[in-house]
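What the coordinates show
Spelled out, the chains give:
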2 protein chains.
Amino acid sequence: MEASNNHLVIMAGGIGSRFWPMSTPECPKQFIDVLGCGRTLLQLTADRFKGLCPVENIWVVTSENYAAIVKEQLPEIPESNILKEPCRRNTAPCIAYVSWRIKKNNPRANVVVTPSDHIVMNVPEFQRVVLSALSFTAENDAIVTLGMKPTRPETGFGYIQADLSVASARNKEIFRVDSFKEKPDLETAQKYIRRNNYFWNAGIFIWRVSTIVNAFRVYQPGISKIFENMMDVYGTDGEQTAINREFPLCESISVDYAIMEKVEEIFVVPADFGWSDLGTWGALHEQVGKDIYGNVCIGSDIRLFETRDCIIHTTQEKKVVVQGLNGYIVAEKNNTLLICKLSEEQRIKQFSE
Amino acid sequence: MEASNNHLVIMAGGIGSRFWPMSTPECPKQFIDVLGCGRTLLQLTADRFKGLCPVENIWVVTSENYAAIVKEQLPEIPESNILKEPCRRNTAPCIAYVSWRIKKNNPRANVVVTPSDHIVMNVPEFQRVVLSALSFTAENDAIVTLGMKPTRPETGFGYIQADLSVASARNKEIFRVDSFKEKPDLETAQKYIRRNNYFWNAGIFIWRVSTIVNAFRVYQPGISKIFENMMDVYGTDGEQTAINREFPLCESISVDYAIMEKVEEIFVVPADFGWSDLGTWGALHEQVGKDIYGNVCIGSDIRLFETRDCIIHTTQEKKVVVQGLNGYIVAEKNNTLLICKLSEEQRIKQFSE
């Protein structure tokens, strides 16, 4: 495998509405130091690929509204590698755009695609798994996904059913996918985790650019044609104008539905590197270090009295005192304050309106 | 009574530590729009004396640190009427200073002294009572206090015991004071309110300037001498320098203890004009209009869900959402946030340290 062919694609167009008010449409959660560690989720995402590919091979696809934030947060990557979607069209058009764009530069590119707002605790293991998958796709015309070993019957994720009976001859930790399962109900999720061959779909994909472009040509000819027709303008001054005109014509469809569920031969690497999609305040509460009373405090000067199982995220406050709360979210940003029971966080979207 | 002799003294040197973080040493509660009505407590205090005296007869005694805030909030009063204490010495030196200062301008001045951080709901009745007392002191060499009819066995106030058997011959609502009582314990307070001749001491005094100056001469010769010796500098460029040098030499003592409890003949006007000292968050919660769930909301955009008996004071926040709180204070100012049970508010001083 030649590292100079390795490319990283970070999808950073989400709006993160479930983390209001920390996350807002003006600055969604991938651009926020959610963990209070000094790096935003986008920066942590780029960080954990360090050494796997040259910085000029890092691509970020985002909304045109967020391009300036991306440039500010990842100043090391070339500005022309920040691809700007004029509107939201889900993951399939996003991946198609960046794939054709990369293909124009390097038809032999070997690509990892990742969301920008997840966290990984065990980065060395993450790198080992990704390198292993990249080695495999470098040699094989294959679509590989990473499957997270489930720790609970989560109904918020899609699942990947693997055929663990036969490992790939070339890589002992890579298996064929039997099927992709959409978000299950609780009973089904409980059934899945009692088996050992169901994995959470983390939305991380590894493939050669030629592989995914061919898959689009077969299964999404409409989308393919749009990006194929722009081949001449990629990397030129006319690119953005063409994209602004053509991208909105794409069907809004996820890559799982558009490609993954249709392709016959897909592979999965079962993996366990402390992954979380940080999809909810509850997920953040579970992932981050807690004090002995079960509180997560992210902020500069937070003092708690008689407070348990709370998550306090107030990075813009100079000083916070909380007394007598049990099981609450306290979040403050841009002069917007939310206090709400953790058990009621599914109503946050309603609260923010 | 000649209205041009009427003077108003507003004592505005307090630091309001019990209302943290709304009130801070940099901007104590008298300078804050505590009620969310568009006027600070200091402004409301000046407002409710409108028509009782000319603006050039309004005096404010405050810390030198707050003089700029007073000037900004009361631009109509002459800047030279803002007297600056170089240090805190309780109310007796404060009142002595302003009394000698006024006496220099007008030895016939008839003065009302008031705290700056209380509220009055029934302003017409307040004006009627104050005018009645001013008429009385205009004709009599008397010290008059206002006694608030108590509504609960409050242990946080001093009480005035009145002799209701004989009204003054000249004014049927003015009675002699039998004695001043310091803050009582609960049992004593309960005893007081079962009688009808005990009143809360609101710290509002009415007297001719010659009367109070003479009382200081008799009962506080040390303080008197200090201010008598500066007679030549009042109203000159040398005033502040002299005050900065001499004022710190005064004993730190309240006017109640220094004068009221010692003078033989003091009068009280029992009054009922919806007074509150707003001494605690609880007092604010009681005084201000509540929604049907018992919540007081002071702030621009506060939305409550399943929330009862809370006080939300977040005037600097653009948007606040509170879900599932019962009996809490939520206060935000200058990027400082307090969430605490109303029942625990006596610990706020500790929280703020």
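Preceding this section is the structure that the text describes.
Residues numbered from 1 in each chain as written. Chains lettered and ligands numbered in written order. Predicted model: local features only at pLDDT ≥ 70, side-chain atom pairs only at ≥ 80, totals over all residues. Heavy atoms only, no water.

The next point concerns the interface of chain A and chain B. Facing 32 residues of chain A, the contacting portion of chain B comprises 31 residues. Between chain A and chain B, the buried area comes to about 2,600 Å², and carbon and sulfur atoms account for 48% of it. Among the residues chain A hides against chain B, the three largest losses belong to Q323, L337 and I339 of chain A. Together they make up 25% of the total. In this structure, the connection of chain A to chain B is made through 2 salt bridges. One salt bridge connects E306 of chain A with R347 of chain B, and the closest N-O pair in it is separated by 2.9 Å. Applying the counting rule to chain A against chain B returns 28 residue pairs in polar contact (both at pLDDT 80 or more). Going through the elements one at a time, β13 (302–305), β15 (319–323), β16 (328–333), β17 (336–341) and α11 (348–352) of chain A are the ones with two or more residues in the side of chain A that touches chain B. Top contributing element to the side of chain A that touches chain B by residue count: β17 of chain A, with 6 residues. In terms of residue class, the side of chain A that touches chain B is built from 13 nonpolar, 9 polar and 10 charged. (Contact = heavy atoms within 4.5 Å. Buried area = accessible area lost by both parts, 1.4 Å probe. Salt bridge = Lys/Arg side-chain N within 4 Å of Asp/Glu carboxyl O. Polar contact = N/O pair within 3.5 Å; in protein donor to acceptor, adjacent residues only side chain to side chain. Helix = DSSP H or I, 4+ residues; strand = E, 2+ residues; numbered from the N terminus. Nonpolar A, V, L, I, M, F, W, Y, C, P; charged D, E, K, R; others polar.)

Okay, the relation of the copies chain A and chain B next. You can overlay chain A on chain B at an RMSD of 0.0 Å; the transform is a turn of 180° with a shift of 0.0 Å along its axis. Both chain copies can therefore be described as sitting about a two-fold axis. A share of 97% of interface residues in chain A that are also interface residues in chain B marks the association as one of identical surfaces. (Least-squares fit on C-alpha atoms with pLDDT ≥ 70 in both.)

Let us look at helix α3 (residues 91–105) of chain A. Think of an α-helix as 3.6 residues a turn; residues three or four steps apart then line up on the same face. Residue and element names in this part refer to chain A. Along its 15 residues, α3 runs 21 Å from first to last C-alpha, staying within 8% of the 21 Å computed at 1.5 Å per residue. In terms of residue burial, α3 counts as a mostly covered element, since 12 of its 15 residues are buried. Along α3, the residues classified as buried are A92, P93, C94, I95, A96, Y97, V98, S99, W100, R101, I102 and K103. (Expected span 1.5 Å × (residues − 1). Buried < 20%, exposed > 50% of the residue type's maximum accessible area, 1.4 Å probe, protein only.)

Our focus in this paragraph is the pattern of salt bridges. Considering all chains together, one arrives at 28 salt bridges over all chains under this definition. Residues E125 of chain A and R128 of chain A are paired through a salt bridge, measuring 3.0 Å at the closest nitrogen-oxygen approach. Within this pair, E125 of chain A and its partner R128 of chain A are both found in helix α4 (residues 123–139), separated by 3 residues, close to a single helical turn. Looking at E125 of chain A, the relative accessible area reads 22%, which means it is partly exposed. Across the salt bridge formed by R152 of chain B and E286 of chain B, the nearest N and O atoms sit 3.8 Å from each other. Taken together, the residues span a long stretch of sequence, with R152 of chain B in the loop between β6 (143–148) and β7 (159–167) and E286 of chain B in helix α10 (residues 281–287) at a distance of 134 residues. The exposure class of R152 of chain B is partly exposed, given its relative accessible area of 26%.

Residues and elements named next belong to chain A. The biggest cluster of nonpolar side chains holds 70 residues, and the ones touching the most others in it are L146, F273, W281 and I329. Element by element, the count of residues in this core is highest for α4, at 6 residues. When neighbours within four sequence positions are excluded, W281 is seen to be in contact with R18, F19, W20, M22, I311, H313, I329, A331, L342, E345 and I348. (Core = buried A, V, L, I, M, F, W, Y, C linked by side-chain atoms within 4.5 Å.)

Let us look at the sheet that holds strand β14 (residues 311–313) of chain A. Judged by pairing direction, the sheet is mixed, and its 6 strands sit side by side in the order β12(A)-β14(A)-β16(A)-β17(A)-β15(B)-β13(B) without closing on themselves. Strands at the two margins of the open sheet, each flanked by one partner only, are β12 (296–298) of chain A together with β13 (302–305) of chain B. Pairs of neighbouring strands in the sheet enclose a mean axial angle of 5°, with direction left out of account. With 4 bridges joining them, β17 of chain A and strand β15 (residues 319–323) of chain B adopt parallel strand pairing. Residue pairing across strands places L338 of chain A opposite V321 of chain B, the latter belonging to β15 of chain B. (Pairing = 2+ DSSP bridges. Axes fitted to C-alpha atoms, helices over the stretch in contact; angles between N-to-C directions.)

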